[in-house]
Amino acid sequence: MEYTPMNRKLSALLCCALVLALSGCQEQVEEPVLDSTVTVETTSVQTGDLSTQSTYIGTISAEGTASVVAMVSGNVEQVAVSVGDTVTAGDLLCRFDDESARLSLQNAQAAANSAQESYNSAVSNYGGTDLPLLQEQLRLAQDNYDDTLALLEIGAASQAEVDQAHQSLLSAQAGLEAARASLNSAQAGIQSAQVGVESAQYQLSLYNLTAPISGVVEAVNVTENNFAASGTAAFVISNGSNKTVTFYVTDSVRQTLTPGQAVTVNYNSQTYEGAITEIGGVVDAQVGQFQVKAVIDGAQDLPDGLSVELTTTSHRANGAVLVPSDAMFFEDGVAYVYLLQDGKAVRSDVTIGLYTADEIAVTDGLTPGDQVITTWSASLRDGADVRLAGAETDAPTDSSAPADDSSAADSPAASSQSSSAASSETAGGEAEG
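Please read all numbers here as calculations on a predicted model, not as lab measurements.

1. Structural notes on the overall build of the protein
A tally of regular secondary structure across the protein gives six helices and 22 strands. Residues classed as buried in the protein amount to 36% of the 433 residues present. Look at the contacts in the protein between residues 6 or more apart in sequence, and 77% of them connect residues 24 or more apart. When the accessible surface of the protein is totalled, it reaches about 23700 Å², and 50% of it is carbon and sulfur.

Shown next, in the form of structure tokens:
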């Protein structure tokens, strides 16, 4: 083929076209980056009281009397009533010498104050509960390490300087974690001390015997300035308009019941209120449980021998660490929650105590102030990036992205069987229905 000027021009044009075509084929279409951050809601772990109600079958009798039993031993300082006196529920019957109980309460309160002061001092030293001083130290250490790495790449820093910067970063991280552990320990100390105060207050209350029902004092079996033993039936109060209901409980429930504790009796859509008057200390040989009696107000229309439903508080957890039930997950019999820490979901295994449909008392694994994630998501797992609901973000999201199958075990639906197994081992599982 003869190459004329025209042919050379055509060849050049064809080459240019080929180059353009090839370069066009090499262009890659940039796909939008999916945002894997999980949007969640959280709640702060709080302490509080939790209780469960249980229903028992009781039998009505015409006794209508209440034996007031002393729960402590000691010297009787005052007897406030005599045989034949009319009393109202809540009236003082007698008072024991309570000096030792008051001293125990003062010690418990002093321990609680000391625990609170220790916590406040730690918070002050760290600049606040969020540890801003240590957070700033960590930020500076991280910046220094990043800068030193950059200088190493251009030959302006040595490897020894990088190692030293890295060591400083690790020290700052360890200091922050140690401070968090210290605050958590101090919070746990406050919680424990508060439980001690509540226990001491309860023990002090036992030194004053009060009337569980309104009625007439039929018997007084204690005298002033004389010793009375625990378990003594100190007073007997009768009321012709009342009736007694007898029911039986396990030992674990018996230990939570107190004289005067409210009960509710239901029969034929009618509700009757009453109070516990006697708590047995010996197992009934026929039933195998402990006998408890309660006097019911205005129950004259209930015939003797009638079986009724009785409801009362069966378990209590005072000063407990509480989390919403929705925040709890179960896997292979292990209970756990997710905490929000530095923008990450961090799994924390916990030990469950008493529980209800709405709240769970955690006996180990959490401290007051922890931020517990209450939102369930198929993408929620240990170490996942999370953001609080309502927080602004510029990253594009794709709600149609398939969920990671590895999280299926974390879902409440997938773990319902494990949940039932774990729940049966908790204190709440002992409640009688």
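2. Topic: the packing of helix H3 (residues 132-153) against helix H4 (residues 159-205)
For the pair H3 and H4, the least separation of the axes is 9 Å and the interaxial angle reads 160 degrees. Considering the angle they form, H3 stands roughly antiparallel to H4. Here H3 runs over H4; the crossing is left-handed.

3. A look at the pairing of strand S19 (residues 344-355)
Judged from the seven bridges that link them, strand S18 (residues 334-341) and S19 form a sheet pairing that is antiparallel. Within the sheet, the bridge partner assigned to tyrosine 336 lies in S19 and is aspartate 349. Between S18 and S19, which pair antiparallel one after the other, the connecting turn spans two residues, and aspartate 342 there sits at a positive phi close to 55 degrees. What sits between S19 and strand S20 (residues 359-364) in their antiparallel hairpin is a turn of three residues.

4. Focus: the nonpolar core
Counting 32 residues, the largest nonpolar core has Leu93, Cys94, Phe96, Leu209, Val222 and Phe235 as the members making the most contacts within it. Listed by contribution, the elements that provide at least two residues to this core are strand S4 (65-69), strand S5 (74-79), strand S7 (92-96), helix H2 (99-126), H4 and strand S11 (233-238). Considering every element that reaches this core, the biggest residue donor is H2, with five residues. Leaving out residues up to four positions away in the same chain, phenylalanine 235 has contacts with Ala66, Ser67, Val68, Val79, Val81, Leu93, Cys94, Leu209, Ala219, Val220 and Val222. Counting 20 residues, the second largest nonpolar core, distinct from the first, contains Ile60, Phe247, Val249 and Ile276.

5. As for H3
One turn of an α-helix holds 3.6 residues; hence residues three or four places apart share an orientation. The end-to-end C-alpha distance of H3, which contains 22 residues, comes to 32 Å, matching closely the 32 Å that a straight helix rising 1.5 Å per residue would cover. Along its buried surface, H3 packs onto H2 and H4. Taken from the residues just after H3, glycine 155 is the one with a positive phi, measuring 80 degrees.

6. A short note on H2
If you check H2, its first and last C-alpha atoms are 41 Å apart, about what 28 residues at 1.5 Å a residue would give, namely 40 Å. The set of residues buried in H2 consists of Ala101, Leu105, Ala108, Ala112, Ala115, Tyr119, Ala122 and Val123. Lining the buried residues of H2 we find H4. Positive backbone phi, at 85 degrees, marks glycine 127, one or two positions downstream of H2.

7. Regarding the packing of aromatic side chains
Summed over all chains, the structure comprises four aromatic pairs. Arranged with centres 5.7 Å apart and planes meeting at 20 degrees, the rings of phenylalanine 329 and tyrosine 336 form a pair that is stacked. Tyrosine 336 matches phenylalanine 329 in its accessibility class, with the two residues each being buried. Geometrically, the ring pair formed by phenylalanine 329 and tyrosine 338 is edge-to-face, given 5.4 Å between the ring centres and 70 degrees between the ring planes. Each member of the pair, phenylalanine 329 as well as tyrosine 338, carries the same accessibility label: buried. Clustering of aromatic rings is evident, with ring pairs tying together Phe329, Tyr336 and Tyr338. The ring of tyrosine 336 has arginine 347 lying over it, and the distance from NZ or CZ to the ring centre is 3.7 Å.

8. Considerations on the environment of leucine 209
As for its position among the elements, leucine 209 is in strand S8 (residues 208-210). A residue is classified by how much of its surface remains accessible, and leucine 209, at 6% relative accessible area, is buried. In the structure, leucine 209 is positioned 26 residues away from phenylalanine 235 in sequence and 9.3 Å away in space, judged by C-alpha atoms. Once residues lying within four places of it in the same chain are set aside, the contact partners of leucine 209 are Val68, Val69, Ala70, Asp91, Leu92, Leu93, Cys94, Phe96, Ala234 and Phe235.

9. Side note on the pattern of salt bridges
Taken as a whole and assessed by the stated rule, the structure comprises eleven salt bridges. Between arginine 102 and aspartate 98 there is a salt bridge whose closest N-O contact spans 3.2 Å. For aspartate 98, a relative accessible area of 9% puts it in the buried group. Note that arginine 139 is salt-bridged to glutamate 136, the shortest N-O span being 2.5 Å. Of this pair, arginine 139 and glutamate 136 both sit in helix H3, three residues apart, which is roughly one turn of the helix. Salt bridges linked by common partners bring Glu136, Arg139 and Asp143 together as one network.

10. A closer look at the confidence of the model for the protein
When pLDDT is averaged along the protein, the result is 82; 82% of the residues meet or exceed 70. In the model of the protein, helix H6 (residues 416-423) stands out as the element of lowest mean pLDDT, 37, in contrast to S7, which has the highest, 96.

11. Re the sheet that holds strand S10 (residues 227-228)
With antiparallel pairing, the four strands of this open sheet are ordered in space as S8-S7-S5-S10. Across the chains shown, the open sheet's two edge strands, defined by having one partner strand only, are S8 and S10. Bridge analysis of S7 against S8 gives three bridges, and the strand direction is antiparallel. Across the sheet, residue leucine 92 finds its bridge partner in S8, namely threonine 210.

Quick notes on the rules
Residues numbered from 1 in each chain as written. Predicted model: local features only at pLDDT ≥ 70, side-chain atom pairs only at ≥ 80, totals over all residues. Heavy atoms only, no water. Helix = DSSP H or I, 4+ residues; strand = E, 2+ residues; numbered from the N terminus. Buried < 20%, exposed > 50% of the residue type's maximum accessible area, 1.4 Å probe, protein only. Contact = heavy atoms within 4.5 Å. Areas by Shrake-Rupley, 256 points an atom, 1.4 Å probe, with all protein chains shown as cover. Axes fitted to C-alpha atoms, helices over the stretch in contact; angles between N-to-C directions. Parallel < 35°, antiparallel > 145°, perpendicular 65-115°, else oblique. Left-handed = near helix turned anticlockwise from the far one by under 90°. Pairing = 2+ DSSP bridges. Core = buried A, V, L, I, M, F, W, Y, C linked by side-chain atoms within 4.5 Å. Expected span 1.5 Å × (residues − 1). Phe/Tyr/Trp six-rings, centres within 6.5 Å; stacked < 30°, edge-to-face > 60°. Lys NZ or Arg CZ within 6 Å of the ring centre and 35° of its normal. Salt bridge = Lys/Arg side-chain N within 4 Å of Asp/Glu carboxyl O. pLDDT = per-residue confidence, 0-100.

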